[in-house]
Amino acid sequence: MTKKISRKPKPEPKPTIGWREWVVLPQLGIDHIKAKIDTGARTSALHAWNIRPFERDGEQWVEFQLHPNQRDNRTVVSCAARVTDRRAVRNTGGKQEMRYVITTGVTLGNVSWPIEVTLTNRDKMGFRLLLGRSAVKNRFLINAGSSYLSQRTQIR
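Residues numbered from 1 in each chain as written. Predicted model: local features only at pLDDT ≥ 70, side-chain atom pairs only at ≥ 80, totals over all residues. Heavy atoms only, no water.

**Re the environment of Ile 37**
And step 1. Checked against the element boundaries, Ile 37 lands in strand β3 (residues 30-38).
And step 2. Counting along the chain gives 103 residues from Ile 37 to Phe 140, while the straight-line C-alpha distance between them is 11 Å. (Helix = DSSP H or I, 4+ residues; strand = E, 2+ residues; numbered from the N terminus.)

Written out as C-alpha cells, the structure reads:
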C-alpha cells in the first residue's frame, strides 16, 4: 500500500524591510511619512499635538494635528479619527502616560493593513511615526542594517 503524501504549498516569502521606511497613512491624508521600525516597542506611536476628544454619533473621536516631516514644524496636517481605546503606555524614558489609541490603515511598499497607533507628542524624537512589533508581526522580515528597502508609495 502506497502512502499518499500531501504537499502544502510553500508560503509566499515575506518582504524584507529596513529599520526605517517610508509609509503612507491614507485614512489620515498622509501621503508619506518616515517610520522607524521598532521591534522593542509593542505599540506603534504617531506624533500628534493639539489632541482634542469629541463625540460623533455617540462614539468617541479625537482630532489632532501633526507635523509629518522630520525637522519641519511648518507643515501641519489636521486629522480626526475614532478612538479605539485609551491606555497607559511607557514612553522611551520609561515614564507611563495615558494615550488615545486609533486604528488606521498603513501602506508600506505594496502591503496595506490596519494598525493600532497611539497618539503622543514626538517633537523631540527623530521619527514622527514608530511602527511597533504588533504592526509588523508576521508581515515582514526586518534587516536592521538597511534602510528604505521597500518601494515608496504615495496617495494618488
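**Brief notes about unusual backbone geometry**
And step 1. Even without being a glycine, Asp 57 presents a positive backbone phi close to 50°.
And step 2. When you line up the elements, Asp 57 lands in the loop between β5 (49-56) and β6 (59-66).
And step 3. Despite not being glycine, Arg 71 has its phi angle at roughly 55°, a positive value.
And step 4. Overall, the relative accessible area of 75% leaves Arg 71 in the exposed class. (Buried < 20%, exposed > 50% of the residue type's maximum accessible area, 1.4 Å probe, protein only.)

**Description of the layout of surface pockets**
And step 1. There is about 400 Å³ of room inside the largest pocket.
And step 2. In terms of lining, the largest pocket is formed by 24 residues, of which the most central are Val 89, Arg 90, Asn 91, Thr 92 and Arg 99.
And step 3. When residues of the lining of the largest pocket are traced back to their parent elements, those giving at least two are β4 (44-47), β7 (77-90), β8 (96-108) and β9 (111-120).
And step 4. By residue class, the composition of the lining of the largest pocket is 6 nonpolar, 9 polar and 9 charged. (1 Å grid on protein atoms, 1.4 Å probe; cavity = no way out; pocket = protein on both sides within 12 Å on 5 of 7 lines; lining within 4 Å. Points joined across faces, edges and corners; volume = space filled by probe spheres on them. Nonpolar A, V, L, I, M, F, W, Y, C, P; charged D, E, K, R; others polar.)

**Looking at the nonpolar core**
And step 1. Within the largest apolar cluster, 30 residues are counted, with the highest numbers of intra-cluster contacts made by Leu 46, Phe 64, Leu 129 and Leu 131.
And step 2. In contact with Leu 129, not counting residues within four places along its chain, are Val 23, Leu 25, Ile 33, Lys 34, Ala 35, Lys 36, Ala 45, Leu 46, Val 117 and Arg 122. (Core = buried A, V, L, I, M, F, W, Y, C linked by side-chain atoms within 4.5 Å. Contact = heavy atoms within 4.5 Å.)

**A short note on the environment of Thr 16**
And step 1. Along the chain, Thr 16 turns up in strand β1 (residues 16-18).
And step 2. If near-sequence neighbours (up to four positions away) are discounted, Thr 16 is found in contact with Leu 141, Asn 143 and Leu 149.

**Quick look at the pairing of strand β10 (residues 129-132)**
And step 1. Along β10, one buried face is formed by Leu 129 and Leu 131 and the opposite face, lined by Leu 130 and Gly 132, is buried too.
And step 2. As paired elements, β3 and β10 share 4 bridges and run parallel to each other. When the bridges of β10 are listed, Ala 35 appears paired with Leu 129.
And step 3. Relative to β10, β4 is paired through 2 bridges, and the arrangement is antiparallel. If you follow Leu 46 over to β10, its bridge partner there is Leu 129. (Pairing = 2+ DSSP bridges.)

**Examining the pattern of salt bridges**
Pairs may arise between side chains of opposite charge once their charged atoms sit close together.
And step 1. For the coordinates displayed, the defined rule picks out 4 salt bridges.
And step 2. The partner of Arg 87 in a salt bridge is Asp 85, and the shortest N-O contact between them spans 3.1 Å.
And step 3. Overall, the relative accessible area of 31% leaves Asp 85 in the partly exposed class.
And step 4. As a salt-bridge pair, Glu 97 and Arg 99 come within 2.6 Å of each other at their nearest N and O atoms.
And step 5. Linked by salt bridges that have partners in common, Asp 85, Arg 87 and Glu 116 make up one network. (Salt bridge = Lys/Arg side-chain N within 4 Å of Asp/Glu carboxyl O.)

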